[in-house]
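# Summary of structural features
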Amino acid sequence: MKAFTISEIRNFMSQLLLKDTFDHLNLLELTLTTNITYTIDGALHPDFYDAGEAELLKAREESHVRWSEVRPFCFSLIKGKHTPLYFKIVFQLDKEDTRRLLTEHNLSLRREDIFGLYLNCQFDGTSLTCVTGTSLRFFTMDKSVDYAWDDKVTRFFQSKNITFEST
């Protein structure tokens, strides 16, 4: 687990809401407080889709909406002259990117061994913090997945010119 305190909040918000920077991530949940509080559960409901679409979701192992599908709506809630009072967003790396991370880092775990690789972003009205997290299906003292995920997020932020202090 690694915590990033975002130095330039305006740049991060631009990356989050106006650009496709986070579009590849799944949205697990979002809580946003402006004049009222909005809560979004990113879980997909297969019953909403026709049989073909539902089968495609199942084949792709997709259980949550991509940020790209929710981002325009979230932007419409936030845009204006007032900054949000609070938000919390929980992102998850998708299954294919998780497989790729395991391969790139030569890790012995299988994708099926991992519940999720998470990025939790929280804004309290003045500061913005992002924290990585991992969840495995079993207990292990081996932290190589944690380190690989922390490294990937660090390099991702650097590649997008998101400035931060890490702890």
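Residues numbered from 1 in each chain as written. Predicted model: local features only at pLDDT ≥ 70, side-chain atom pairs only at ≥ 80, totals over all residues. Heavy atoms only, no water.

## A few points about empty space enclosed by the protein
Applying the stated criterion to the full structure yields two cavities of 30 Å³ or more. Reported here for the largest cavity is a volume of approximately 60 Å³. Taken together, Gln-92, Leu-93, Asp-94, Lys-95, Thr-98, Arg-111, Ile-114, Phe-115, Gly-116 and Leu-117 make up the lining of the largest cavity. Counting residues per element, the ones that place at least two in the lining of the largest cavity are helix 4 (95–104) and strand 5 (114–123). The leading source of residues in the lining of the largest cavity is strand 5, at four residues. When the residues that make up the lining of the largest cavity are grouped by side-chain class, the tally is four nonpolar, three polar and three charged. Size it by volume and the second largest cavity reaches roughly 40 Å³. Forming the boundary of the second largest cavity are Met-13, Leu-16, Leu-17, Leu-30, Leu-32, Trp-67, Cys-74, Ile-78, Phe-87 and Ile-89. The set of elements that each furnish at least two residues to the lining of the second largest cavity consists of helix 1 (9–17), strand 2 (26–33), helix 3 (67–78) and strand 4 (86–92). Looking at the lining of the second largest cavity residue by residue, the classes come out as 10 nonpolar, no polar and no charged. (1 Å grid on protein atoms, 1.4 Å probe; cavity = no way out; pocket = protein on both sides within 12 Å on 5 of 7 lines; lining within 4 Å. Points joined across faces, edges and corners; volume = space filled by probe spheres on them. Helix = DSSP H or I, 4+ residues; strand = E, 2+ residues; numbered from the N terminus. Nonpolar A, V, L, I, M, F, W, Y, C, P; charged D, E, K, R; others polar.)

## Re the pairing of strand 1 (residues 3–6)
Side-chain direction in a regular strand flips from residue to residue, so the side chains alternate between the two faces of the sheet. Strand direction decides the pairing type here: strand 1 and strand 6 (residues 128–136), joined by three bridges, are antiparallel. In the sheet register, Phe-4 faces strand 6, and the bridge partner there is Cys-130. With three bridges connecting them, strand 1 and strand 7 (residues 164–166) associate as antiparallel partners. Within strand 7, the residue paired with Ile-6 across the bridge is Phe-164. (Pairing = 2+ DSSP bridges.)

## Notes on the nonpolar core
Residues Phe-12, Leu-16, Phe-22, Trp-67 and Phe-157 are the most contacted members of the largest nonpolar core, which totals 44 residues. Ranked by the residues each element gives to this core, the list is headed by helix 5 (residues 144–159), at six residues. Residue contacts for Phe-22: discarding those within four places in its chain leaves Phe-12, Gln-15, Leu-16, Trp-67, Phe-91, Leu-119, Phe-156, Phe-157 and Ile-162. (Core = buried A, V, L, I, M, F, W, Y, C linked by side-chain atoms within 4.5 Å. Buried < 20%, exposed > 50% of the residue type's maximum accessible area, 1.4 Å probe, protein only. Contact = heavy atoms within 4.5 Å.)

## With respect to the layout of surface pockets
Taken as a whole, the largest pocket holds about 380 Å³ of empty space. Together, 17 residues line the largest pocket, and Arg-10, Met-13, Ile-78, Thr-83 and Pro-84 are the ones closest to its centre. Of the residues in the lining of the largest pocket, the class split is nine nonpolar, five polar and three charged.

## Examining the packing of aromatic side chains
The relation between two aromatic rings is expressed through the spacing of the ring centres and the mutual angle of the planes. As enumerated under the stated definition, the model contains 11 aromatic pairs in all. Centre to centre, the rings of Phe-4 and Phe-157 are 5.1 Å apart; their planes meet at 75 degrees, and the pair counts as edge-to-face. With a gap of 153 residues between them, Phe-4 in strand 1 and Phe-157 in helix 5 connect regions that are remote in the sequence. As far as the burial class goes, Phe-4 and Phe-157 line up, both buried. (Phe/Tyr/Trp six-rings, centres within 6.5 Å; stacked < 30°, edge-to-face > 60°.)

## Things to note about the packing of helix 1 against helix 3
To characterise two packed helices, one gives the angle between the axes of the helices and the distance between these axes. Between helix 1 and helix 3, whose axes approach to 9 Å, the crossing angle comes to 125 degrees. Taken as axis vectors, helix 1 and helix 3 run oblique relative to one another. Residues Met-13, Leu-16 and Leu-17 of helix 1 touch helix 3, and the partners they reach there are Trp-67, Arg-71, Cys-74, Phe-75 and Ile-78. The residue makeup of the contact of helix 1 with helix 3, split by class, is seven nonpolar, no polar and one charged. (Axes fitted to C-alpha atoms, helices over the stretch in contact; angles between N-to-C directions. Parallel < 35°, antiparallel > 145°, perpendicular 65-115°, else oblique.)

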